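Chain and residue survey
Letter by letter, the chains look like this.
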Amino acid sequence: MSFQVHGKDLLGRIGTIKTKSGAFATPHMFPVLDPHHRVLGREFFDRVGIHAVMTNAYLLKRGLQGLDPVDVHRTLDYPGSVATDSGAYQILEYGHVGVTAEEIVGYQEKINTDIGVILDIPTGFRSDALRARWTVDETVRRADRALEVITRKDILWVGPVQGGVHLEEVERSAREMAKRDFAIYALGSPTELMETQRYDVLVDMIVAAKKALPTGKPFHLFGAGHPVLFPFLVALGCDLFDSAAYALYARAGRYLTSEGTQLLGDMVEFACACPACVDASPEEFMKSQGEEGDTRLVQHNLWACFSELRRIREAIRKGRLWELLELRSHAHPALKECFDRISQYSESLERSTPAVKPHGIFYLGSSSDNRPEKLRFVSKLSGSVEEKRKFVLVLPGRWRRPYHEDPRYESVAKAFDDNPKVSICFYSLIWGPVPIELDETFPIAQTEGPDTVGPVVLRERAKTVSEFVQSLQPRGVILVSDGPFGRAVKTELSKTFAKRSLTVLNGESLKPDAIIKSASRKLVRNA
Ligand SMILES: [Zn+2]
């Protein structure tokens, strides 16, 4: 087995997991199949590009009571990678499953699973701290017993992290599991949080677990199966999901989309062009809705999940996962909250985001201020100007990038670029102050952003420019003011610099030659 990472953005990554039955790309969702009721065939999975599925070993064992264990690939008529869950969810539902931790490991080995889960104790959503503590301890004890009885090393074993909403327990659980050698680590009990849209807590739980786990191993989030959440979960470092939601939702006439769930009865036409929807209508789906729902709805729901996973992988390849989060955060207020919570962890996201990307980034307003590139820029800023000079020339950074190549002020920048008395700094609506030393570093010159912002942001940006210029402790400042932002910078600079040390030249009315002349005169006079 191996887990290879091919690309990263935020904490998200694209990878390949190899099992003894084949390889599949991550991020991936294992569709959970009912071993006793197969709705979709191999052909469909091939067509969607689903190379790994999951089924429940406990249900399989119970359903085939008294019979000899059969290879799970045969039972499911599925030759690709099969993951089996241990029945922990049934514990959560019914309290007790009637098999031991050792039995369920042995059974998974006998049915020749590719990815097996030890029998953990889900903490659940409502456990108090004491109960959470016990579930963590008991899961660790079971992990140790399982590791003792495991004989097949060709199966990838999953080590579940528990703790529920008790973050200190989640972290402790992850630390304990990390000491034990599992091929994959997983986080349990998130289903109810997703159903109740407590995404803030879910984000905290994932961060707490990931903090203590080895980064080189895949991370699985149990029971997540709605495409609307995938970008957020992947951005936090989840590589794997498993869910039966696609089928359960279909039974209730619920249609999954990347923006949320729709009820078939509320829909007039499909926007989706997947093979199930392309020449059908919601009405047709409704009419053929049997007890199990319409198979086409089951199929669409899976297409919706896997097309979102493809979109996420493409976003990671292009370095635009943050942009995808911003887009999705506008689909629902709860997702906006989820996004805001993730933004609070931007320092962790920054550490795993590539320093240079194949494409520029989009700055979409204040929601982009926490993106890793912005944070990185701010941290570089203070050390960017090595030598403090007597004057700072503050120029508009606006129309063309890199800013010093903007035709309107190119000759001005050139005239003073090598002057040992002058530092050049541009004022940019996206970045605030951009010293010429950083003007060509990624992604300053590659970022697309708006040319206007509201008055509050304008003032705040102008302030950061003024603070930066101040930090350079110049004897004099020459500002070329242009547009509302230039005027805002002027206002902020005049709060700190006395009239005689601040020269303001109007960039809108003066030609470049005139600016150069005035600025040079100022330098000579103050030399
Ligand atoms: Zn569709």
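Now for a quick tour of the structure. As the structure is a prediction and not an experimental result, all values here were calculated from the model.

Regarding the overall build of the protein chain
Across its full length, the protein chain holds 21 helices and 18 strands. On the principal axes, the C-alpha backbone points of the protein chain span a range of 100 × 55 × 40 Å. Classification of the 527 residues of the protein chain by burial places 55% in the buried group. Nonlocal contacts in the protein chain, meaning residues at least 24 apart in sequence, comprise 71% of its contacts between residues at least 6 apart.

Re the packing of aromatic side chains
Here the distance between the centres and the angle between the planes together describe a pair of aromatic rings. For the structure shown, the criterion picks out twelve aromatic pairs. When the ring of Y255 is compared with that of F270, the centres are 4.8 Å apart and the planes differ by 5°; the resulting orientation is stacked. Residue Y255 is located in strand β12 (residues 254-257), and its partner F270 is located in the loop between β13 (260-263) and α12 (282-287); the two are separated by 15 residues in the primary sequence. We classify Y255 as buried; its relative accessible area is 3%. Judged by relative accessible area, which is 12%, F270 ranks as buried. By way of ring pairs, the aromatic residues F44, F45, Y78 and W303 are connected into one cluster. When the ring centre of Y249 is taken as origin, the NZ or CZ atom of R254, which lies over that ring, is 4.3 Å away.

Notes on the pattern of salt bridges
Inspection of every chain in the model, using the stated rule, returns 42 salt bridges. In this structure, D369 engages K374 in a salt bridge whose closest nitrogen and oxygen atoms are separated by 2.9 Å. The network of salt bridges with common partners includes D9, E323, K357, R371 and E373.

Quick word on the coordination of the zinc ion
Coordination of the zinc ion by the protein comes from C272 (SG), C274 (SG), C277 (SG) and H300 (ND1), over a distance range of 2.1 to 2.3 Å. What the four donor atoms of the zinc ion show is an angle range of 96 to 124° at the metal, which sorts the shape as tetrahedral. One chain supplies every donor for the zinc ion, spaced along it as C-x1-C-x2-C-x22-H. Within this pair, whereas C277 is found in the loop between β13 and α12, its partner H300 is found in helix α13 (residues 295-318), the two being separated by 23 residues in sequence. By the burial criterion, C277 is buried, and H300 matches it.

Things to note about unusual backbone geometry
T26 connects to P27 through a cis peptide bond whose omega is -5°. Looking at the element boundaries, P27 is found in the loop between β3 (22-26) and β4 (28-33). Of the consecutive residues F442 and P443, the connecting peptide bond is found in the cis state with omega at -5°. Note on placement: P443 falls in the loop between β16 (432-435) and α19 (455-471). Of note, N112 is a non-glycine position whose phi angle comes to about 65°, a positive value. Following the sequence through the fold, N112 ends up in the loop between α5 (101-110) and β7 (115-117). The phi dihedral of Q473 falls on the positive side, at around 45°, and the residue is not glycine. Secondary-structure assignment places Q473 in the loop between α19 and β17 (476-481).

Description of the sheet that holds β17
Reading across from one edge, β16-β15-β14-β17-β18 is the order of the five strands in this open sheet, with mixed pairing throughout. Looking along the sheet, the strands with just one partner apiece sit at the ends: β16 and β18 (502-506). For this sheet the average axis-to-axis angle between neighbouring strands, irrespective of direction, equals 25°. Bridge analysis of strand β14 (residues 391-396) against strand β15 (residues 422-428) gives six bridges, and the strand direction is parallel. Each residue of the ladder has a partner; that of F391, found in β15, is V422.

Conventions we followed
Residues numbered from 1 in each chain as written. Predicted model: local features only at pLDDT ≥ 70, side-chain atom pairs only at ≥ 80, totals over all residues. Heavy atoms only, no water. Helix = DSSP H or I, 4+ residues; strand = E, 2+ residues; numbered from the N terminus. Buried < 20%, exposed > 50% of the residue type's maximum accessible area, 1.4 Å probe, protein only. Contact = heavy atoms within 4.5 Å. Phe/Tyr/Trp six-rings, centres within 6.5 Å; stacked < 30°, edge-to-face > 60°. Lys NZ or Arg CZ within 6 Å of the ring centre and 35° of its normal. Salt bridge = Lys/Arg side-chain N within 4 Å of Asp/Glu carboxyl O. Donors = N, O, S within 2.8 Å, 3.2 Å for Na, K, Ca; no water. Tetrahedral: all angles 85-135°; square planar, octahedral: opposite > 155°, others 65-115°. Pairing = 2+ DSSP bridges. Axes fitted to C-alpha atoms, helices over the stretch in contact; angles between N-to-C directions.

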